[in-house]
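Residue-level structural notes
So the chains spell out like this:
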Amino acid sequence: MTLPLDLTPELFALTAVTLFTALIWIPIILNRLVEMGWWKALKNPEPDIAPRHAWAHRLAHAHRNAVENLVVFAPLAITVSLLGLGNALTHFAVTAYLGARIAHAVIYALGIPLLRTIAFFIGFLAQLALALRILGVV
């Protein structure tokens, strides 16, 4: 795949992960509109009320987890890119991270605990690989 301008694989993956994280809320809000009705949902009088559908509740947790992990992934990916440390390992790590985050959200929404943990752990390993590359360990 040809990347635009000087976009490194790390920055491309960061952009894709950020976009995915930004879009996860859409099914949650659509569910809220259906459950509560447009006016009540848009008025948002009770934002802490859990959705009636378990998948929407779980997806909301997956979204929060994605945001929390983006805070760790983003500086690592940016640092690798800025320092010109990208290599086959970092390219694999950021691709694995993107796949793991997508899998985590889908699996979490479906309510499959063991696979959710595996997807999360793959994302963690990808973050660790980036950090070790920055520290010069790998």
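Residue indices follow the written sequence of each chain, beginning from 1 at its first position. Only residues with pLDDT of 70 or above have their local features reported here, since the model is predicted, and side-chain atom pairs are shown and tallied only from 80 upward, although totals for entire chains, interfaces and linings are computed over all residues. Water and hydrogen atoms play no part in the side-chain values, which are based on all heavy atoms of the structure.

1. Some points on the environment of glutamate 35
Where helices and strands are cited, they refer to DSSP runs of H or I of at least four residues and of E of at least two residues respectively, numbered from the N terminus. Here glutamate 35 lies in helix α2 (residues 25-36). Throughout this description, a polar contact denotes any pair of N or O atoms lying within 3.5 Å of each other; where both atoms belong to protein, one of them has to be capable of donating a hydrogen while the other can accept it, and for residues adjacent in sequence the pair is counted only when both atoms sit in side chains. Polar contacts involving the side chain of glutamate 35 include one to the side chain of histidine 53, which spans 2.8 Å.

2. Section: helix α5 (residues 88-110)
Side chains three or four residues apart in an α-helix point the same way, a direct result of the helix having 3.6 residues per turn. Helix span, as expected, comes to 1.5 Å for every residue beyond the first. For α5, spanning 23 residues, the distance from its first C-alpha to its last is 33 Å, which sits close to the expected 33 Å at 1.5 Å a residue. The complete set of buried residues in α5 reads Thr90, Ala93, Val94, Tyr97, Leu98, Ala100, Arg101, His104, Ala105, Ile107, Tyr108 and Ala109. Lining the buried residues of α5 we find α1 (9-23), α4 (54-82) and α6 (113-134). Its side-chain oxygen at 2.9 Å from the backbone nitrogen of leucine 89, asparagine 87 defines the N-terminal cap of α5. Just downstream of α5, glycine 111 is the residue with a positive phi angle, here 80°. Whether a residue is buried, partly exposed or exposed follows from its accessible area with a 1.4 Å probe, protein chains only, as a fraction of its type maximum: under 20%, in between, or over 50%, in that order. What makes two residues a contact is simply this: any of their non-hydrogen atoms within 4.5 Å.

3. Looking at the nonpolar core
Leu14, Val17, Phe73, Ala93, Val94, Tyr97 and Leu130 are the most contacted members of the largest nonpolar core, which totals 17 residues. Of all the secondary structure elements, the ones that give two or more residues to this core are α1, α4, α5 and α6. Residues enter a nonpolar core if they are buried and are Ala, Val, Leu, Ile, Met, Phe, Trp, Tyr or Cys, with the set joined through side-chain atoms within 4.5 Å. Of all hydrophobic cores here, the second largest spans eight residues; its members include Ile24, Leu59, Ala62 and Tyr108.

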